[in-house]
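Examination of the molecular architecture
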Amino acid sequence: MKLLLVEDSESLRNSLKIGLGNLGFTVDATGDGAEGLTMATMGSYDLMILDLMLPSVDGLTVLKTIRRKKIELKVLILSARGETEDRIEGLISGADDYLAKPFSFDELHVRLQTLSRRGGLVIDENIIEVNDFILNTQLFTLSFHGKNINLTPNEYKLIECIFKQKKLVFSPEKLSEYLAGQYDSMSKNTIEAHLSSARKKAKAAGGILPIINKRGFGYMVDQTL
């Protein structure tokens, strides 16, 4: 489950990123409102934790812009502004939930789980089938004709990213961001090495991994294979 955390407190941001990461979330984080809005617009996130008092662009503006652009994203406001009128304004502006600081990490986790079960999230599509390959995004497995293909975490994440959006072309830079996060990078050669290894494993299982490199553009699903 991919989560975007927009929180201006560096200590809280780092603490949440570690804690949520340990629970299995893939977390990208920023302390700036404008950057958070760009990430929400350009990225493919399931959930967002949003502070209200942010530099450059405030949280409510970020939220309203996300809703105006019709970005499918569950948003939980996490703010020190906990008065009833603040909660009402946040929910009316488009938030799916509102949690006031100080807060319990366990409660935050439960609220995120509850949001993930509500309708509209792509994460409910646990099974993705492409050319007889079955990707289970809940169990993190790939199989071909019932044979499980043992992938490394990076091999799995590459295939998951491309299979989830079958009609899109992913540049090496976009795949690098998906694998390594917003503030790290992975070279094109490393990405190709992961895909080459995954192709060999798929071939050993009797299949041809339906991912091609569209020269000059990036990687995509080839459903004609």
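This section reports on the structure supplied with the text.

About the thresholds
- Residues numbered from 1 in each chain as written.
- Predicted model: local features only at pLDDT ≥ 70, side-chain atom pairs only at ≥ 80, totals over all residues.
- Heavy atoms only, no water.
- Axes fitted to C-alpha atoms, helices over the stretch in contact; angles between N-to-C directions.
- Helix = DSSP H or I, 4+ residues; strand = E, 2+ residues; numbered from the N terminus.
- Parallel < 35°, antiparallel > 145°, perpendicular 65-115°, else oblique.
- Contact = heavy atoms within 4.5 Å.
- Nonpolar A, V, L, I, M, F, W, Y, C, P; charged D, E, K, R; others polar.
- Pairing = 2+ DSSP bridges.
- Phe/Tyr/Trp six-rings, centres within 6.5 Å; stacked < 30°, edge-to-face > 60°.
- Buried < 20%, exposed > 50% of the residue type's maximum accessible area, 1.4 Å probe, protein only.
- Lys NZ or Arg CZ within 6 Å of the ring centre and 35° of its normal.
- Core = buried A, V, L, I, M, F, W, Y, C linked by side-chain atoms within 4.5 Å.
- Arc of directions from axis to C-beta.

Describing the packing of helix α6 (residues 153-164) against helix α8 (residues 188-204)
Running from amino to carboxyl end, α6 crosses α8 at an angle of 90°, the nearest separation of the two axes being 9 Å. Of the possible angle classes, the one that applies to α6 and α8 is roughly perpendicular. Here α6 contributes N154, E155, L158 and I159 to the contact with α8, which in turn contributes I191, H194, L195, S197, A198 and K201. When the residues that make up the contact of α6 with α8 are grouped by side-chain class, the tally is five nonpolar, three polar and two charged.

What about the sheet that holds strand β5 (residues 97-100)?
Strand order in this open sheet of five strands is β2-β1-β3-β4-β5, and the pairing throughout is parallel. The strands lining the two open edges of the sheet, one partner per strand, are β2 (26-30) and β5. Ignoring which end each strand starts from, the neighbouring axes of this sheet average 20° apart. Its contacts with the sheet put helix α5 (residues 105-117) on β1 (2-6), β3 (47-50), β4 (74-79) and β5, and the angle it makes with β5 is roughly 175°.

Observations concerning the packing of aromatic side chains
Aromatic ring pairs are described here by two measures, namely the spacing of the ring centres and the angle between the planes. For the coordinates displayed, the defined rule picks out two aromatic pairs. For the pair F133 and F144, a centre-to-centre distance of 4.6 Å together with 40° between the ring planes defines the contact as tilted. Separated by 11 residues along the polypeptide, F133 in strand β7 (residues 133-136) and F144 in strand β8 (residues 141-144) bring together distant segments of the chain. Of the two residues examined, F133 and F144, each falls in the buried class. Ring geometry for F140 and Y156: centres 5.7 Å apart, planes at 85°, overall edge-to-face. Taken as a pair, F140 in the loop between β7 and β8 and Y156 in helix α6 lie far apart in primary sequence, 16 residues in all. The exposure class of F140 is exposed, given its relative accessible area of 52%. Against the face of Y45 rests K2, its NZ or CZ located 5.0 Å from the ring centre.

With respect to the pairing of β8
As paired strands, β7 and β8 are joined by four bridges and run antiparallel to one another. Residue pairing across strands places F133 opposite F144, the latter belonging to β8. The hairpin formed by β7 and β8 contains four residues between the paired strands, and F140 there has a positive phi angle of roughly 60°. Where β8 and strand β9 (residues 147-149) come together, three bridges link them in antiparallel fashion. Across the sheet, S143 pairs through a bridge with N148, a residue of β9. Here β8 hands over to β9 after two residues, with H145 in that stretch at a positive phi of 50°.

Notes on the sheet that holds β8
Here we have four strands laid out as an open sheet, ordered β6-β7-β8-β9, and antiparallel in their pairing. The outermost strands of the open sheet, each flanked by one partner alone, are β6 (127-130) and β9. Across this sheet, the average inter-strand angle for adjacent strands is 25°, counted without regard to direction. Direction of pairing for β6 relative to β7: antiparallel, over a ladder of four bridges. Paired with I127 across the strands is N136, a residue of β7. The sheet strands contacting α6 are β6, β7 and β8, and the helix crosses β7 at an angle near 105°.

Remarks on the nonpolar core
Residues F133, L142, I159, F163, L175, L209 and I211 are the most contacted members of the largest nonpolar core, which totals 27 residues. Among the elements that line this core, the one with the most residues is α6, at six residues. Grouped together as the second largest cluster of nonpolar side chains are 21 residues, L4, V57, V62 and Y98 included.

A look at helix α7 (residues 172-180)
Listed in full, the buried residues belonging to α7 are P172, L175, S176, Y178 and L179. The arc that holds the buried residues of α7, viewed along the axis, is 165°, so those residues lie on one side.

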